[in-house]
Amino acid sequence: DTAVSQTPKYLVTQMGNDKSIKCEQNLGHDTMYWYKQDSKKFLKIMFSYNNKELIINETVPNRFSPKSPDKAHLNLHINSLELGDSAVYFCASSQENSPLHFGNGTRLTVT
Amino acid sequence: QKEVEQDPGPLSVPEGAIVSLNCTYSNSAFQYFMWYRQYSRKGPELLMYTYSSGNKEDGRFTAQVDKSSKYISLFIRDSQPSDSATYLCAMSQTGGGNKLTFGTGTQLKVEL
């Protein structure tokens, strides 16, 4: 079974649209994350949640809104999509101070 | 200057070679050091995890951390074509909410 699963795997949409990416982990971890990987493969943290509470919120436009309905799920909603939002978005989970386990990413293309 | 610097490569080696991958960093508060491997169109998978300075070996992989020089390395012995991937170093500090700071990744190709 996949430990950290994201849907959809690919997302192609037009500028100005609103879209959501879903993430679920079955590892029993307390903390979940969203990372963004740009075209140069650079991975940068966006948000992290611990037991449904937001604990890291990097400098991310407020068009991006994470939501954690329970500790096994962390979704990412993006409003008014822009060309620069095109990237691969990775969900990850961990226990405190333990290594992160990543999903396989959602490849977002904004046209 | 980025907090973590990593040569992007690409690095091409023959099968069986010893590969050395490196990262330097500027934040002396980093205590946890990781190496992730990322295949094309996949998520990063953890290879090695070390705390503070020292060496750690796991099969063909050896991770070294030199905190005094702010320098970490990953060695791959007897490299195989299946090792062809992008290798990302990552690090974090105590109390940082497990926020990882990544290098840009080194693309490795092991050729037959």
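Scroll up to find the structure.
Residues numbered from 1 in each chain as written. Chains lettered and ligands numbered in written order. Predicted model: local features only at pLDDT ≥ 70, side-chain atom pairs only at ≥ 80, totals over all residues. Heavy atoms only, no water.

Draft legend 1. How the structure looks around the sheet that holds strand β3 (residues 19-25) of chain B. All names here are of chain B. Taken in spatial order, the 5 strands of this open sheet run β1-β3-β8-β7-β6, and their pairing is antiparallel. The open sheet has two edge strands, β1 (4-6) and β6 (54-58), and neither has a second partner. Within this sheet the neighbouring strands show an average axis-to-axis angle of 15 degrees, counted without direction. (Pairing = 2+ DSSP bridges. Helix = DSSP H or I, 4+ residues; strand = E, 2+ residues; numbered from the N terminus. Axes fitted to C-alpha atoms, helices over the stretch in contact; angles between N-to-C directions.)

Draft legend 2. Fine view of the pairing of strand β5 (residues 43-50) of chain A. Residue and element names in this part refer to chain A. Among the 8 residues in β5, 6 count as buried, and that is most of the element. The pairing of strand β4 (residues 31-37) with β5 spans 7 bridges and is antiparallel. Residue pairing across strands places Tyr33 opposite Ser48, the latter belonging to β5. The antiparallel hairpin formed by β4 and β5 contains 5 residues in its connecting segment, where Lys41 sits at a positive phi of about 75 degrees. Here β5 runs beside strand β6 (residues 53-57); their pairing, made up of 4 bridges, is antiparallel. Considered in β6, the bridge of Asn50 is made with Glu53. (Buried < 20%, exposed > 50% of the residue type's maximum accessible area, 1.4 Å probe, protein only.)

Draft legend 3. Region of interest: the nonpolar core. Counting 24 residues, the largest nonpolar core has Trp35, Ile72, Leu74, Ile76, Tyr87 and Met91 of chain B as its most contacted members. Contacts of Ile72 of chain B, omitting those with residues within four sequence positions, involve Leu21, Asn22, Cys23, Tyr25, Phe33, Trp35, Gln64, Val65, Cys89 and Met91 of chain B. Among the nonpolar cores identified, the runner-up in size contains 19 residues, and Val4, Leu11, Trp34 and Leu108 of chain A belong to it. (Core = buried A, V, L, I, M, F, W, Y, C linked by side-chain atoms within 4.5 Å. Contact = heavy atoms within 4.5 Å.)

Draft legend 4. Quick peek at the state of the cysteines. Residue and element names in this part refer to chain A. If you walk through the whole model with that rule in mind, you get 2 disulfides over all chains. Through a disulfide, Cys23 is tied to Cys91; the S-S separation comes to 1.9 Å. Residues Cys23 and Cys91 are joined by a disulfide whose S-S torsion is about -80 degrees; by sign, that bridge is left-handed. Placement of the pair is Cys23 in strand β3 (residues 19-25) and Cys91 in strand β9 (residues 87-94), with a sequence separation of 68 residues. (Disulfide = S-S within 2.5 Å.)

Draft legend 5. Geometry of the packing of aromatic side chains. Scanning all chains against the criterion turns up 12 aromatic pairs over all chains. When the ring of Tyr35 of chain A is compared with that of Phe102 of chain B, the centres are 5.7 Å apart and the planes differ by 85 degrees; the resulting orientation is edge-to-face. Here Tyr35 of chain A, found in strand β4, pairs with Phe102 of chain B, found in strand β10 (residues 101-102), and the two come from separate chains. Take Phe102 of chain B: its relative accessible area is 1%, and that puts it in the buried class. Here the aromatic residues Tyr33, Tyr35, Phe90 and Phe102 of chain A together with Tyr36 and Phe102 of chain B are joined through ring pairs into a cluster of three or more. Across the ring face of Phe42 of chain A, the terminal group of Lys2 of chain B is positioned such that the distance to the ring centre comes to 5.3 Å. (Phe/Tyr/Trp six-rings, centres within 6.5 Å; stacked < 30°, edge-to-face > 60°. Lys NZ or Arg CZ within 6 Å of the ring centre and 35° of its normal.)

Draft legend 6. Layout of the interface of chain A and chain B. Counting residues at the interface gives 23 residues for chain A and 19 residues for chain B. With both chains or domains summed, chain A and chain B bury close to 1,900 Å², and 53% of this area falls on carbon and sulfur atoms. Area buried by chain A at its contact with chain B is led by Lys41, Asn97 and Pro99 of chain A, which between them contribute 28% of it. A salt bridge links Lys99 of chain B to Glu58 of chain A, with the nearest nitrogen and oxygen atoms 3.3 Å apart. For the interface between chain A and chain B, the tally reads 5 residue pairs in polar contact (both at pLDDT 80 or more). Contributions of two or more residues to the side of chain A that touches chain B are made by β4, β5, β6 and β9 of chain A. In terms of residues, the side of chain A that touches chain B owes the most to one element, β4 of chain A, which gives 3 residues. Taken together, the residues that form the side of chain A that touches chain B break down as 12 nonpolar, 7 polar and 4 charged. (Buried area = accessible area lost by both parts, 1.4 Å probe. Salt bridge = Lys/Arg side-chain N within 4 Å of Asp/Glu carboxyl O. Polar contact = N/O pair within 3.5 Å; in protein donor to acceptor, adjacent residues only side chain to side chain. Nonpolar A, V, L, I, M, F, W, Y, C, P; charged D, E, K, R; others polar.)

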